[in-house]
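# Observations on the three-dimensional arrangement
Residue strings, one per chain:
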Amino acid sequence: MAGPRDPAERCSCRNTDCVERPLRRLFEGLASGVAACPWPFVLVPLLLSGGLGAGFLFLPQRQANDIEGQFTPTGGPAKAERDLVRRHFPTDDSQRFSAPRLPTEGAYAALIAVVTNGTSVLHPTAWAEVLRLDETVRDANYERLCARSNGSCASPNPLLSRRGHERPPAPGSLQFPVNGSVFLGAALGGVDTEGERLLSARALKLVYYLREDGPEAEDSRQWLQSFLRNISSKLRELDLSSIQVTYFTSLSRQQEFEGNTKSVIPLFSVTYFLTITFAIVSCLRLSCIRNNVWLACCGVVSAGLAVLSSFGLMLFCGAPFVVTVANAPFLILGVGVDDMFIMIASWEQSSRKKEKSNVKSLLAETYSEAALSVTITTLTDVLAFFIGTWTAFPSVRAFCLYTGTAFVFCYVYTMTFFGAVLVLNHKREQGNRHWLTCMRVGVDQDQAEKSCLYNACCIGSCSRQSSEHPMSIFFKEYYGPFFTNKWIKLLVVLLYGAYLGGSVYGCTQIREGIDLRNLANDDSYVIPYYDDDEEYFSTYGPRVMVVITERVDYWNETVRQGIEECAQNLESISYIDKTLSESWLRVYTVLAERSHININTKTQFFNNLLVLFQYESNFAWDMNKTRDEIEASRFFIQTVNVTTAVAEKNLLNQLRETARQCSIPLKVYHPAFIYYDQYLVIVQNTVQNVVVAAGAMLVVSLLLIPNPLCCLWVTFAIASVIVGVAGFMSFWNVNLDSISMINLVICIGFSVDFSAHISYAFVTSGESSANKRAIEALSLLGYPVLQGAVSTILGVVVLAAAKTYIFRTFFKIMFLVILFGALHGLVFIPVFLTFFGKFDTSSHNTKSSNRSPHNTTSEKQETRFRSDKDCP
């Protein structure tokens, strides 16, 4: 019968290992099962991975790379506003097409012609080439599929006739930006004016709209695909000398985005090669028997099996596969290798302490120590990812779901598959068999006379091999004493102050939102088009619909005055040019005054609408009119100088707030607002996920790390690393968007990984002074922390060579996360602990007095948190 529990072992504020002890017993039981019968634990993960891997057959069906669906917030207001516009103002692009009145971007091919000789695109020579370009695009199929208005194809540019053969306008003959009733702001760019007279223009835009409604929609799509395939060769055939042409279609953004995944597939092989090489070199021993090469390879295989199983399971379950998920294997590989190092180190430590023990007791001690460390880090990472699924961005949800599930499989396979490999490798060592050939190795009596290389490769081991790793000696003899010097500690404090100051400043400079050009490859044809569009056509932004969403008494003069006040309030926003507004009600009111028509009764208002439609037929499309009611109507306002993400955010907020305060029920809408909606939730979602995840990490730390002071330092590290990453990513030209938000969630889990080990080793050290405790913590864990950082960086470093913003951003922020996490674990926290560690001396003394001479705290820490101290 067990005796009474030692009071020091009971749960208390200073001894919070109530969860730790049962977990140790659980892991010891699992280890006994794995050691007794290892082969099922090897074969079952392999068979399970093979079965679940069949889920990749569903990959083509599960791919969900719709940009709007994945990178805009679910339930964004603009999507509801678009539905409202579609319901009240249906389009008919076969008879009455009008581009500003479309509820979507439409189906189109766009070209920008920029003059190359420094003159004007309206110069006869350049104009002639523009006409040749126009004729090339207008093939027979285009004439059949083009969006039509009044029986003819909609003109690609207001300056071109519907036949496309007019002469160029003479300098000064046109007004800009409005010539008569025609808006030229979106048709000509880089203009030179004298007053309102147009003298020259550097660029001209041609937009060829196609039908996207009805049976011609699929034919229009095929025409656009043919356009993209052939336009480059046609431009070469035209041999244009006066203009330079860039092009884009309504399909381009989506097609280029879908090609991103294919571009990163070749990098997988490079990553696995680097990781396997690093693992082998790290665990290479100068012994042909006790070499851990196969353990290193199997550790990488274990991570690969986790990716195969988790992705296959998610695909079986119907989870959408988004391009952001392609980042996950790189991350999982680095983390899986780190867990492998911890297991190998714990096994080696147990083997040294119990050389005569059987394999069951060795694996039981390995699991009781190392498995708890792996559990802590895995649980924090998995929690961070699953909390990340609470976001409004589907692309983030998909990444977090796939990656969180992969971490679970990685953990399970480390505890089963890799544990079984440890047992089988131990049996090979006990049989004195060569690591490569599995042949028995005899003992040569003349070993001392042979070279070290010969002994290591052919006989057994190099007798001159040291039992302690050189890096551990470096951290103990040089690194630790260096950073515990009082002047160096002062320098570290100043360095941290500079780090924190720079981080906080960077946080104030964060740019929000994803630039749509970043969804394409760097060498894509859409990038020059975006550049020309930004340089020459950014002055005039979206033409915004203002929709009166309910029935109102338009014939009531008071109501009309209320609508006019609302319009003027919207036009008073700094991003609106009030001279470019277009309102059917204003025109109708002016026509009524000029013609002395009474529109102040319902009957007269409806009867006289014909006068308005004769003046401008397009106004008939701006009201949802039944026999005796106007269910909804709309007018248009023109935005200007919306050239940055900040301007887009401010514009959207000011328009919606002004519309909300109006006495008339109004909604504002433009197709671009679908993407602007991300600005409304990106900061809120990021802060929410980070705070919730950080809180969950603190709870896990309190439950699984039996020291409250250690948990406080973990919390400090989480907050400090997050601030650093968020601040410095702005210096690296990374916006706060759905891509970077993923990494900020990851940041939390990795902050725990780096900080928990060092701080816990410090507070449980048996040394007498704070400086010595810091040196001991660094000597035990400095190299493992450094190696964990390097292995994770190697997992993602190849993404730095990717030609896509999504993958480069993932690398950039992961690099910052690992860099700052390691910096805190190896520099800041050890130094700060020497200042504040004295506040935990009573706890330290209590723990020290209860240590067994056969199982010291230092030995436990060396086992639990070292990753590969024994691998030369």
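Bear in mind that the values here come from a model prediction, so they are computed numbers and not experimental data. (Residues numbered from 1 in each chain as written. Predicted model: local features only at pLDDT ≥ 70, side-chain atom pairs only at ≥ 80, totals over all residues. Heavy atoms only, no water.)

## Observations concerning the overall build of the protein chain
What counts here: Per the convention used, a helix needs a DSSP run of H or I reaching at least four residues, while a strand needs a run of E reaching at least two, with both numbered from the N terminus. To sort residues, take the accessible area from a 1.4 Å probe on protein chains only and compare it with the maximum for the residue type: under 20% means buried, over 50% means exposed, and anything in between is partly exposed. Working rule for contacts: check all heavy atoms of both residues, and any pair within 4.5 Å makes them a contact. Note on areas: Shrake-Rupley with a 1.4 Å probe; residue coverage comes only from the protein chains shown.
Tallying secondary structure elements over the protein chain gives 31 helices and 14 strands in all. Here the protein chain holds 872 residues, and 57% of them are scored as buried. In the protein chain, once contacts between residues fewer than 6 apart in sequence are set aside, the share between residues at least 24 apart is 80%. For the protein chain, the accessible surface area stands at approximately 36000 Å², while carbon and sulfur atoms represent 57% of it.

## Section: the pattern of salt bridges
We count it as follows: In the sections that follow, a salt bridge refers to a side-chain nitrogen of Lys or Arg positioned within 4 Å of a carboxyl oxygen of Asp or Glu.
Overall, the coordinates contain 23 salt bridges when judged by the stated rule. Its salt-bridge partner being E68, residue R82 comes within 2.7 Å of it at the nearest N-O pair. Of the two residues, R82 sits in helix 5 (residues 77–88) while E68 sits in helix 4 (residues 67–71), which places them 14 residues apart along the sequence. Several salt bridges converge on common partners, so that one network encompasses R101, R543, E582, D622 and R634.

## A few points about the packing of aromatic side chains
Our working rule: Think of it this way: a Phe, Tyr or Trp ring, Trp meaning its six-membered ring, pairs with another when their centres are within 6.5 Å, and the plane angle makes it stacked under 30 degrees, edge-to-face over 60, tilted otherwise. The criterion is that NZ of a Lys, or CZ of an Arg, lies within 6 Å of the ring centre and within 35 degrees of the ring normal, and then a charge sits over that ring.
Within this structure, the stated rule accounts for 53 aromatic pairs. Both rings, one in F474 and one in F475, keep their centres 5.5 Å apart while their planes meet at 75°; by these two values the pair is edge-to-face. F475 gets classed as buried once you look at its relative accessible area, which sits at 3%. Consider the rings of F673 and Y676, whose centres lie 5.6 Å apart with planes at 35°: the pair is tilted. One end of the pair, F673, and the other, Y676, are both in helix 24 (residues 673–676), 3 residues apart, so they sit about a helical turn from each other. Taking the relative accessible area as the measure of exposure, Y676 reaches 8% and is therefore buried. Through a chain of ring-to-ring contacts, three or more aromatic side chains come together here, namely Y496, Y499, Y505, F716, F728, F731, F820, F828 and F832. The positively charged end of R543 is found above the aromatic ring belonging to F183, 5.8 Å away from the centroid. R634 extends its terminal NZ or CZ atom over the ring of F89, reaching a point 4.3 Å from the ring centre.

## Things to note about the packing of helix 10 (residues 260–282) against helix 28 (residues 770–796)
Helix packing for two helices is described by the angle between their axes and how far apart those axes are. Stated precisely, the cut-off is as follows: Each axis is a line fitted through C-alpha atoms, and for a helix only the stretch in contact is used; angles between axes span 0 to 180 degrees, taken between their N-to-C directions. Working rule for angles: under 35 degrees goes down as roughly parallel, over 145 as roughly antiparallel, 65 to 115 as roughly perpendicular, anything else as oblique. Put simply, Ala, Val, Leu, Ile, Met, Phe, Trp, Tyr, Cys and Pro go in the nonpolar bin, Asp, Glu, Lys and Arg in the charged bin, and everything else, Gly too, in the polar bin.
It is the contact of helix 10 with helix 28, at a shortest axis distance of 8 Å, that shows an interaxial angle of 160°. Taken together, the axes of helix 10 and helix 28 are roughly antiparallel relative to one another. Along its contact with helix 10, which presents T271, L274, T275, F278 and S282, the element helix 28 presents Q787, V790, S791, L794 and G795. When grouped by side-chain class, the residues that make up the contact of helix 10 with helix 28 number 4 nonpolar, 6 polar and no charged.

## Things to note about the packing of helix 28 against helix 29 (residues 805–836)
Between helix 28 and helix 29, whose axes approach to 9 Å, the crossing angle comes to 175°. With respect to helix 29, the axis of helix 28 lies roughly antiparallel. Between helix 28 and helix 29, the contacting residues are A770, N771, A774, L778, G782, V785, L786, A789, T792, I793 and V796 on the first element and F810, F811, M814, F815, I818, A822, L826, P830, L833 and T834 on the second. For the contact of helix 28 with helix 29, the class distribution of residues is 17 nonpolar, 4 polar and no charged.

## Quick look at a nonpolar patch on the surface
Here is the rule we go by: For patch building, the residue pool is restricted to those with more than 30% relative accessible area and no salt bridge; the joining distance is 9 Å between like charges and 5 Å between nonpolar side chains (Val, Leu, Ile, Met, Phe, Trp, Tyr).
Judged by side-chain polarity, W39, L43, L46 and L47 come together as a nonpolar surface patch covering roughly 430 Å² of accessible area. The topology assignment puts L47 in helix 2 (residues 38–53).

## Considering the state of the cysteines
Quick reminder of the rule: We call a pair of cysteine sulfur atoms a disulfide when they lie within 2.5 Å.
According to the stated counting rule, one finds 2 disulfides in the structure shown. C297 carries a free sulfur, and the closest cysteine sulfur to it, the one in C298, is 6.9 Å from it.

## Considering the confidence of the model for the protein chain
Selection rule: Confidence of the predictor at the level of single residues is captured by pLDDT, which takes values from 0 to 100.
Across the protein chain, the average pLDDT comes to 83, with 87% of residues at or above 70. Every residue in residues 841–872 scores below 50 in pLDDT, and together they form 100 contacts with partners more than four places removed in sequence or on other chains.

## Structural notes on the side chain of T414
When you line up the elements, T414 lands in helix 14 (residues 394–430). For T414, a relative accessible area of 3% corresponds to the buried category. Aside from chain neighbours lying at most four places away, what touches T414 is S302, D339, M343, Y367 and G419.

## Things to note about helix 29
Condition: Here the bend at a residue means the angle between the axes of two seven-residue stretches, the one that ends at it and the one that starts at it.
Along helix 29, the helix axis deviates most sharply at H824, where the bend reaches about 45°. A large share of helix 29 lies buried, amounting to 26 of its 32 residues.

## Remarks on the environment of L652
Locating L652 in the fold gives a position in helix 23 (residues 645–661). C-alpha of L652 to C-alpha of Y679: the two residues are 27 residues apart in sequence and 9.1 Å apart in space. Apart from the residues lying within four places of it in its own chain, the contact partners of L652 are F673, Y676, D677 and L680.

## Brief notes about the nonpolar core
Generally speaking, soluble globular proteins have nonpolar side chains that are buried together. This is how it is decided: We define the nonpolar core as a collection of buried residues of types Ala, Val, Leu, Ile, Met, Phe, Trp, Tyr and Cys that are connected through side-chain atoms lying within 4.5 Å of one another.
Counting 173 residues, the largest nonpolar core has W584, F605 and L655 as its most contacted members. Looking at this core element by element, the count peaks at 19 residues for helix 29. The contacts of F605, once residues within four sequence positions are left out, are Y554, W555, W584, L585, Y588, I599 and I630. Counting residues in each nonpolar core, the second largest holds 47 residues, with A31, A370, Y413 and F417 among its members.

## A closer look at the side chain of R82
To keep it simple, the criterion reads: Nitrogen and oxygen atoms within 3.5 Å of one another constitute a polar contact, given that in protein one can donate a hydrogen and the other can accept it, and given that sequence-neighbouring residues count only through two side-chain atoms.
Judged by its relative accessible area of 12%, R82 is buried. Polar side-chain contacts of R82 include one of 2.7 Å to the side chain of E68. Excluding residues within four positions of it along the chain, R82 makes contact with E68, P103, T104, Y669 and I674.

## A closer look at unusual backbone geometry
Following F176, the chain continues into P177 via a peptide bond in cis, with omega recorded as 10°. When you line up the elements, P177 lands in the loop between strand 4 (174–175) and strand 5 (178–179). Here the phi dihedral of D239 falls at roughly 55°; this positive angle occurs in a residue that is not glycine. Along the chain, the position of D239 falls in the loop between helix 8 (217–238) and strand 9 (243–249).

## Here's the deal with helix 6 (residues 124–137)
Note the following rule: A helix's residues, less one, multiplied by 1.5 Å, set its expected span.
Helix length check: helix 6 (14 residues) gives 20 Å between terminal C-alpha atoms against 20 Å at 1.5 Å per residue, within 8%. Looking only at helix 6, the buried set comprises A126, W127, E129, V130, L131, L133, D134 and V137. The inward-facing, buried residues of helix 6 abut strand 1 (107–115), helix 7 (140–145), strand 8 (197–210), helix 8 and strand 9.

## Details of the environment of L145
Residue placement: L145 occurs in helix 7. As for L145 and L210, which are separated by 65 residues in sequence, their C-alpha atoms are 5.8 Å apart.

## Quick word on the pairing of strand 8
Two faces make up the sheet, and in a regular strand the side chains alternate between them. To keep things clear, this is the line we draw: The rule for pairing is simple: two strands pair if DSSP sees at least two bridges between them.
The element strand 8 is largely enclosed, with a buried count of 11 among its 14 residues. Pairing of strand 1 with strand 8, which is carried by 8 bridges, proceeds in the antiparallel orientation. When the sheet's bridge partners are listed, Y108 is paired in strand 8 with Y209. Of the pairings in the sheet, the one linking strand 4 to strand 8 comprises 2 bridges and is antiparallel in character. When the sheet's bridge partners are listed, Q175 is paired in strand 8 with R197. When strand 7 (residues 188–194) meets strand 8, the two strands line up antiparallel, connected through 6 bridges. Note that in strand 8 the partner of T193 across the bridge is L198. The hairpin formed by strand 7 and strand 8 contains 2 residues between the paired strands, and G195 there has a positive phi angle of roughly 70°.

## Considerations on the environment of A659
Tracing the sequence through the fold places A659 in helix 23. A659 gets classed as buried once you look at its relative accessible area, which sits at 7%. Sequence spacing of A659 and L570 is 89 residues, and the spatial spacing of their C-alpha atoms is 7.5 Å. Sequence-distant contacts of A659, defined by excluding residues within four places in its chain, comprise L570, I664, L666 and V668.

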